[in-house]
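# Observations on the three-dimensional arrangement
Single-letter residue listing:
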Amino acid sequence: MLRPVTAFFAPRVHRLDKALLSLTRGRLTASEVLGWNIIQLTTIGAKTSQPRTMPLVGLFDGNAIALIASSFGREHNPGWYYNLKAHPECIVRFSGRSKTYIARELQGEEYERYWQLAVSVYTGYDKYRERAAHRHIPVMLLEPRE
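These figures come from a predicted structure and were not determined experimentally.

Turning our attention to unusual backbone geometry. Positive phi, normally seen in glycine, also occurs at Ser 71, with a value near 50°. Inspection of the secondary structure puts Ser 71 in the loop between strand S4 (64–68) and helix H3 (79–86). Phi is positive for Phe 72, close to 60°, though the residue is something other than glycine. Positionally, Phe 72 belongs in the loop between S4 and H3. By relative accessible area, which is 24% here, Phe 72 ends up partly exposed.

Written as structure tokens, this is what we have:
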């Protein structure tokens, strides 16, 4: 959550997680060492219409999964956010299983509820919110496709 640490890890951690996921056949990521639930999110690119897979912290709430589009408090929202806005159907791989979800952006009380869940898992999200004061950090909720 410290700015120099974020500056180093933000552009690299997803690459490290992808490499470890590949080496361990989807069983381990570097981020899991920190106690986070790491999902593999596959979206359809907003501009390219090509599949894109990204390891992300997933906040589990029953069958739903919340994703925080903090991008480590950087200037712009992450690409996966725009992908989900353009194409809400996505695939989540977690613990060796894949499932299809539909994403929606949270607002109001529902947003605050999931923001507090995120901060309870990782207090760094509040720091990211401070850094990203120029923008609203979106929270996306993935719900299983019926």
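Once you've had a look at it, read on.
A few words on the nonpolar core. Core analysis: the biggest nonpolar cluster contains 20 residues, and Ile 68, Trp 115, Tyr 125, Ile 137 and Val 139 have the highest contact counts within it. Elements with a contribution of two residues or more to this core: S4, helix H4 (108–121), helix H5 (124–131) and strand S7 (139–144). At five residues, H4 tops the list of elements feeding residues into this core. Setting aside its immediate chain neighbours within four residues, Ile 137 contacts Ile 68, Ala 69, Ser 70, Tyr 111, Trp 115, Tyr 128, Arg 129 and Ala 132. Grouped together as the second largest cluster of nonpolar side chains are 15 residues, Leu 67, Ala 69, Cys 90 and Tyr 101 included.

Looking now at the sheet that holds S4. Here seven strands make up an open sheet; going across it, the order is S2-S1-S5-S6-S7-S4-S3 and the pairing antiparallel. Single-partner strands in this sheet number two, and they are strand S2 (51–57) and strand S3 (59–61). Ignoring which end each strand starts from, the neighbouring axes of this sheet average 35° apart. Relative to S7, S4 runs antiparallel, the two sharing four bridges. Counterpart to Ile 65 in the pairing with S7 is Leu 142.

On to H5, then. Burial in H5 covers these residues: Gly 124, Tyr 125, Tyr 128 and Arg 131. Angular distribution of buried residues about the axis of H5 spans 115°; they occupy a single face of the element.

With that settled, the discussion passes to the packing of aromatic side chains. Across all of its chains, the model carries eight aromatic pairs by this definition. Ring plane angle 55° and centroid distance 5.8 Å describe the contact between Tyr 122 and Tyr 128, whose orientation is recorded as tilted. The same class applies to Tyr 122 as to Tyr 128, namely buried. Put simply, the rings of Phe 72, Tyr 111, Trp 115, Tyr 122, Tyr 125 and Tyr 128 touch in pairs and so form one group of aromatic residues. Just above the ring of Tyr 114 sits the side chain of Arg 113; from NZ or CZ to the centre is 4.6 Å. Positioned above the aromatic ring of Trp 115, the side-chain terminus of Arg 129 is 4.1 Å from the ring centre.

Turning to H3, a few remarks are in order. Of all the residues in H3, the buried ones are Trp 80, Tyr 81, Asn 83 and Leu 84. Down the axis of H3, the sector holding all buried residues measures 160°, keeping them to one side. Elements that come into contact with the buried residues of H3 comprise strand S1 (38–44), S2, S4, strand S5 (89–94), strand S6 (97–105) and S7.

Here Ser 70 shows up in the loop between S4 and H3. Judged by relative accessible area, Ser 70 falls into the buried class, the value being 5%. Among all residues touching Ser 70, those that are not within four sequence positions of it are Tyr 125, Tyr 128, Arg 135 and Ile 137.

Rules used throughout
- Residues numbered from 1 in each chain as written.
- Predicted model: local features only at pLDDT ≥ 70, side-chain atom pairs only at ≥ 80, totals over all residues.
- Heavy atoms only, no water.
- Helix = DSSP H or I, 4+ residues; strand = E, 2+ residues; numbered from the N terminus.
- Buried < 20%, exposed > 50% of the residue type's maximum accessible area, 1.4 Å probe, protein only.
- Core = buried A, V, L, I, M, F, W, Y, C linked by side-chain atoms within 4.5 Å.
- Contact = heavy atoms within 4.5 Å.
- Pairing = 2+ DSSP bridges.
- Axes fitted to C-alpha atoms, helices over the stretch in contact; angles between N-to-C directions.
- Arc of directions from axis to C-beta.
- Phe/Tyr/Trp six-rings, centres within 6.5 Å; stacked < 30°, edge-to-face > 60°.
- Lys NZ or Arg CZ within 6 Å of the ring centre and 35° of its normal.

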